[in-house]
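# Structural description and commentary
Each chain, written out:
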Amino acid sequence: MSNLQFDPEVSRQIESVYTTPDVIEQRRVVRTALALRPGDRVLDVGVGPGLLAAEMAAEVGPQGRVCGIDISDSMLSIAGTRAQVPGGPAVELELADAGHIPHGAESFDVVVSTQVFEYVEDVAGALDEIRRVLRPAGRVVLLDTDWGSIVWRSNDDVRMGRVLTAFEEHLEDSHLPRSLGDSLEKAGFTLTHLQVVPMLNVGFDPRTYSAGLIDIVAGFVPGRAEVTEQEAQAWANDLRGLGAGYFFSLNRYLFVASAL
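Scope of this entry: the structure provided in the associated data block. Remember, it's a predicted structure, so these values are computed and weren't measured experimentally.

The rules we used
Residues numbered from 1 in each chain as written. Predicted model: local features only at pLDDT ≥ 70, side-chain atom pairs only at ≥ 80, totals over all residues. Heavy atoms only, no water. Helix = DSSP H or I, 4+ residues; strand = E, 2+ residues; numbered from the N terminus. Rg over C-alpha atoms; globule rule 2.2 N^0.38 Å. Buried < 20%, exposed > 50% of the residue type's maximum accessible area, 1.4 Å probe, protein only. Contact = heavy atoms within 4.5 Å. Areas by Shrake-Rupley, 256 points an atom, 1.4 Å probe, with all protein chains shown as cover. 1 Å grid on protein atoms, 1.4 Å probe; cavity = no way out; pocket = protein on both sides within 12 Å on 5 of 7 lines; lining within 4 Å. Points joined across faces, edges and corners; volume = space filled by probe spheres on them. Core = buried A, V, L, I, M, F, W, Y, C linked by side-chain atoms within 4.5 Å. Patch = residues over 30% accessible without salt bridge, like charges linked within 9 Å, V, L, I, M, F, W, Y side chains within 5 Å. Salt bridge = Lys/Arg side-chain N within 4 Å of Asp/Glu carboxyl O. Lys, Arg positive; Asp, Glu negative; His and termini not counted. Charge placed at Lys NZ, Arg CZ, Asp CG, Glu CD. Pairing = 2+ DSSP bridges. Right-handed = clockwise from strand over helix to strand, strands pointing away. Axes fitted to C-alpha atoms, helices over the stretch in contact; angles between N-to-C directions. Parallel < 35°, antiparallel > 145°, perpendicular 65-115°, else oblique. Left-handed = near helix turned anticlockwise from the far one by under 90°. Nonpolar A, V, L, I, M, F, W, Y, C, P; charged D, E, K, R; others polar. Polar contact = N/O pair within 3.5 Å; in protein donor to acceptor, adjacent residues only side chain to side chain.

Secondary structure assignment for the protein yields nine helices and seven strands. Radius of gyration (C-alpha) of the protein: 18 Å, near the 18 Å computed for a compact globule of 260 residues. In terms of overall dimensions, the protein has a C-alpha envelope of 50 × 40 × 30 Å along the principal axes. Taking all 260 residues of the protein together, 54% fall into the buried category. Summarising the internal contacts of the protein: among those between residues at least 6 apart in sequence, 82% fall at separations of at least 24. Put simply, the protein shows about 11000 Å² of open surface, and 51% of that area lies on carbon and sulfur atoms.

Shown next as structure tokens:
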């Protein structure tokens, strides 16, 4: 797994980012792709703060099932505050990783994983696990970022490049979407839908995805790629000071595949 530690502080930062309008819209796109029906059994791999899981529970209704796994106790603790869903099943949460899913064969109709597989060392093994727990013709929905797509304005492009290079160390594969389609096919899935899910923030606003990302990046990069604590803070202050001139763009990719 990655070097980013999902401790209580980072988990709270991620929860805050996930409540921004940018990520709320991302979840809407993911739920549209999921096309859940009442009674569906769903597994969320990397449940995080539980926002998507709670929304899915409301969609599958009391006869459905939503389970979530995560490698972080802190994330599971936050997700637990959303586990009781009016009109839906209680979200079942367990500490586990994508390569060792604690459920039996053919337990789920749908598996979803957002912003997780880029952290996974053994993607092929994790996809095999998903294939195992899906029923025949079950669906998997994966969303991951190609960090090579990032466009982030700053007053010091050289420093920006060094900071972004250092931040890529928190991932196993910073360009995962480029190979994910092939990996799905080799794991026995048929790709049925692929789309880009862009993030675009113009003008600095603290209630955006990228504004929240600044603190996460600035907390991670010192000591990596020769970025110092002073440089990381100068980088963050520079971005926050751009005001109306602030610009951020990033592409995520949504894969929907069916198990053969």
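As a further point, take empty space enclosed by the protein. Here the structure, examined in full by the defined rule, presents one cavity of 30 Å³ or more. Estimates place the volume of the largest cavity at around 570 Å³. Lining the largest cavity are 39 residues, with Phe-6, Tyr-18, Thr-114, Gln-115 and Tyr-119 positioned closest to its centre. Those elements that place two or more of their residues in the lining of the largest cavity are helix 1 (8-18), helix 2 (21-34), strand 1 (41-45), helix 3 (51-60), strand 2 (65-70) and helix 8 (209-220).

With that settled, consider the nonpolar core. For soluble globular proteins, nonpolar side chains are generally found buried alongside one another. Ranked by internal contacts, the top residues of the largest apolar core, which has 34 residues, are Trp-152, Tyr-209, Val-221, Trp-235 and Phe-248. Counting residues per element, the ones that place at least two in this core are helix 1, strand 5 (134-152), helix 6 (157-167), helix 8, helix 9 (229-240) and strand 7 (247-259). By residue number, the principal contributor to this core is helix 8, which donates seven residues. Those residues in contact with Val-221, other than ones at most four positions away along the chain, are Val-163, Ala-166, Phe-167, Val-227 and Ala-232.

The grouping of Glu-121, Asp-122, Asp-128 and Glu-172 at the surface amounts to a negative patch. As for its position among the elements, Asp-122 is in the loop between strand 4 (108-114) and helix 5 (123-133).

Moving on to the pairing of strand 3 (residues 92-95). Note: strand 2 against strand 3, four bridges, orientation parallel. The residue of strand 3 that forms the bridge with Ile-69 is Glu-94. Taking the sense of rotation as the criterion, the β-α-β connection linking strand 2, helix 4 (residues 73-80) and strand 3 turns out right-handed.

Okay, the packing of helix 1 against helix 4 next. One way to put it is that helix 1 packs onto helix 4 with a least axis distance of 8 Å and a crossing angle of 45°. Judged by the angle between their axes, helix 1 and helix 4 are oblique. At the point where helix 1 passes helix 4, the crossing takes the right-handed sense. Along its contact with helix 1, which presents Pro-8, Ser-11, Arg-12, Ile-14 and Glu-15, the element helix 4 presents Ser-74, Met-75 and Ile-78. Across the contact of helix 1 with helix 4, the residue classes tally to four nonpolar, two polar and two charged.

A contiguous nonpolar patch, built from Val-151, Leu-200, Val-202 and Phe-247 and spanning about 360 Å² of accessible area, is present on the exposed surface. Take Val-151: it is sitting in strand 5.

So, about the environment of Asp-146. By the element assignment, Asp-146 lies in strand 5. The exposure class of Asp-146 is buried, given its relative accessible area of 7%. A sequence separation of 27 residues divides Asp-146 from Asp-173, and the C-alpha atoms of the two residues are 8.8 Å apart. Apart from residues no more than four positions distant in its own chain, Asp-146 is found in contact with Ser-174, His-175, Pro-177, Arg-178, Leu-250, Asn-251 and Tyr-253. Polar side-chain contacts of Asp-146 include one of 2.8 Å to the backbone nitrogen of Gly-148.

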